[in-house]
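# Coordinate inspection notes
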Amino acid sequence: MRVVDLDRDMSDVIPTGATRDSEYLFDRMTRATLAATLPGPGRRILDVASGFGQDSIALQELGASVVGAEPSERMIAWTRLKSGELAGEAPRWVRGWGDALPFATGSFDAAFCKGALDHFDRPALAISEMARVTRPGGRVVLTIANFESLSCRAARATDDLQEVGLGRQLRRGRRHYDVPADHFTRYDLPLMKEQAAAHLELELVEGLSLGWGLPVWTRSVGKLPPALAAGMLRALDALARSLPSLADVIVIAGRPRR
Ligand SMILES: C[S@@+](CC[C@H](N)C(=O)[O-])C[C@H]1O[C@@H](n2cnc3c(N)ncnc32)[C@H](O)[C@@H]1O
């Protein structure tokens, strides 16, 4: 039996914009992912695990012809409701699993999956499906949280030192380095590259943001004057670009192997 919640919603997802570093990271994730699909008029783009559909809608508004595929009935219902309010043409919404995409081989110019692969029970199969439905020379884009980021490592080491080293009992809920209950896979750069390279000729491996979720950084950046905070977030982000193994989020893109 598949252990999958068909009625899931976003209740276990970190709220976007709750802190300055979160707001920055979620915005960067979206912009970097959408840009990596090389959007433009007439381009056929597939959004795998489209969730609430906001990324599909943004690409459709750039002139692309977008299909959002999502297995959750609740999410699809929400998306259809929201699409009805759009002035322009809405994306096409299809209920479907990432590992059994209901589309013909080579039907898209690009396929992307943002912040969702770690929720899949068969992520490697989903990547092979994304490569299959993307035409030769097209693009597959995968954006995923890095649980071996500098911030995860530093926070884990600090907690370990306090708990194990100093014997202190910390008041703690789930830390950002703890894998949420609805994730099947704990990704880091080597695993991400290994799974992607099995089906893609890699063209882009990029890191986004550094330090996200580290309590001392989250607090400090929240207190800085806005312009200074924005400058520091951008500087760390620029550093992360060439340090994907330490970055908070990894974007990988490539051409399907045939
Ligand atoms: C954290 S949400 C991300 C949604 C969206 N991509 C975004 O960035 O807002 C994870 C999504 O993965 C979907 N999902 C979980 N397992 C899946 C699978 N095997 N195939 C396709 N989608 C799946 C969930 O229904 C959910 O919409």
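An account of the accompanying structure is given in this report. (Residues numbered from 1 in each chain as written. Predicted model: local features only at pLDDT ≥ 70, side-chain atom pairs only at ≥ 80, totals over all residues. Heavy atoms only, no water.)

## What to know about the overall build of the protein chain
Assigned secondary structure in the protein chain consists of 8 helices and 7 strands. Each principal axis of the C-alpha distribution contributes one length, and for the protein chain these read about 60 × 45 × 35 Å. Across the 258 residues of the protein chain, 48% fall into the buried class. When contacts within the protein chain are restricted to residue pairs at least 6 apart in sequence, long-range pairs at least 24 apart make up 77% of them. As displayed, the protein chain has an accessible area near 12300 Å², and 58% of this comes from carbon and sulfur atoms. Of the charged side chains in the protein chain, 33 are positive and 32 negative, and the gap between their average positions amounts to 3 Å. (Helix = DSSP H or I, 4+ residues; strand = E, 2+ residues; numbered from the N terminus. Buried < 20%, exposed > 50% of the residue type's maximum accessible area, 1.4 Å probe, protein only. Contact = heavy atoms within 4.5 Å. Areas by Shrake-Rupley, 256 points an atom, 1.4 Å probe, with all protein chains shown as cover. Lys, Arg positive; Asp, Glu negative; His and termini not counted. Charge placed at Lys NZ, Arg CZ, Asp CG, Glu CD.)

## What to know about the nonpolar core
Counting residues in hydrophobic clusters, the biggest one holds 29 residues, and the most contacted among them are Leu46, Phe103, Leu117 and Leu142. Mapped by element, the contributors of at least two residues to this core are β1 (44–48), β2 (65–69), β4 (108–114), α4 (123–133), β5 (134–145), α6 (189–197) and β7 (249–256). Considering each element in turn, this core owes the most residues, 5 residues, to α4. Beyond its immediate stretch of four places on either side in the chain, leucine 142 contacts Cys113, Leu117, Ile127, Met130, Met192, Ala196, Leu200, Ile250, Val251 and Ile252. Ranked by size, the runner-up nonpolar core spans 18 residues in total, among them Met29, Leu59, Val141 and Val251. (Core = buried A, V, L, I, M, F, W, Y, C linked by side-chain atoms within 4.5 Å.)

## So, unusual backbone geometry
Located in the positive-phi region is alanine 49, a residue other than glycine, with phi close to 65 degrees. For alanine 49, the position within the fold is in the loop between β1 and α2 (54–61). For alanine 49, a relative accessible area of 18% translates into the label buried. Look at serine 209: it is not a glycine, yet its phi comes out positive at around 65 degrees. Relative to the assigned elements, serine 209 resides in the loop between β6 (200–208) and α7 (215–223).

## Considering the sheet that holds β2
Within a sheet, adjacent strands bond to each other through the backbone by hydrogen bonds, running parallel or antiparallel. Reading across the sheet, the 7 strands line up as β3-β2-β1-β4-β5-β7-β6 and stay open at both edges, with mixed pairing between neighbours. Either end of the sheet is taken by a strand with one partner, and the two such strands are β3 (92–94) and β6. Sheet twist, expressed as the average angle between the axes of neighbouring strands with direction ignored, equals 15 degrees. (Pairing = 2+ DSSP bridges. Axes fitted to C-alpha atoms, helices over the stretch in contact; angles between N-to-C directions.)

## Quick word on the packing of aromatic side chains
Tallied over the full model, the rule gives 2 aromatic pairs. On the basis of an interplanar angle of 90 degrees and a centroid distance of 5.2 Å, the ring pair of phenylalanine 103 and phenylalanine 108 is categorised as edge-to-face. Per residue, the accessibility class of phenylalanine 103 equals that of phenylalanine 108, and both read buried. (Phe/Tyr/Trp six-rings, centres within 6.5 Å; stacked < 30°, edge-to-face > 60°.)

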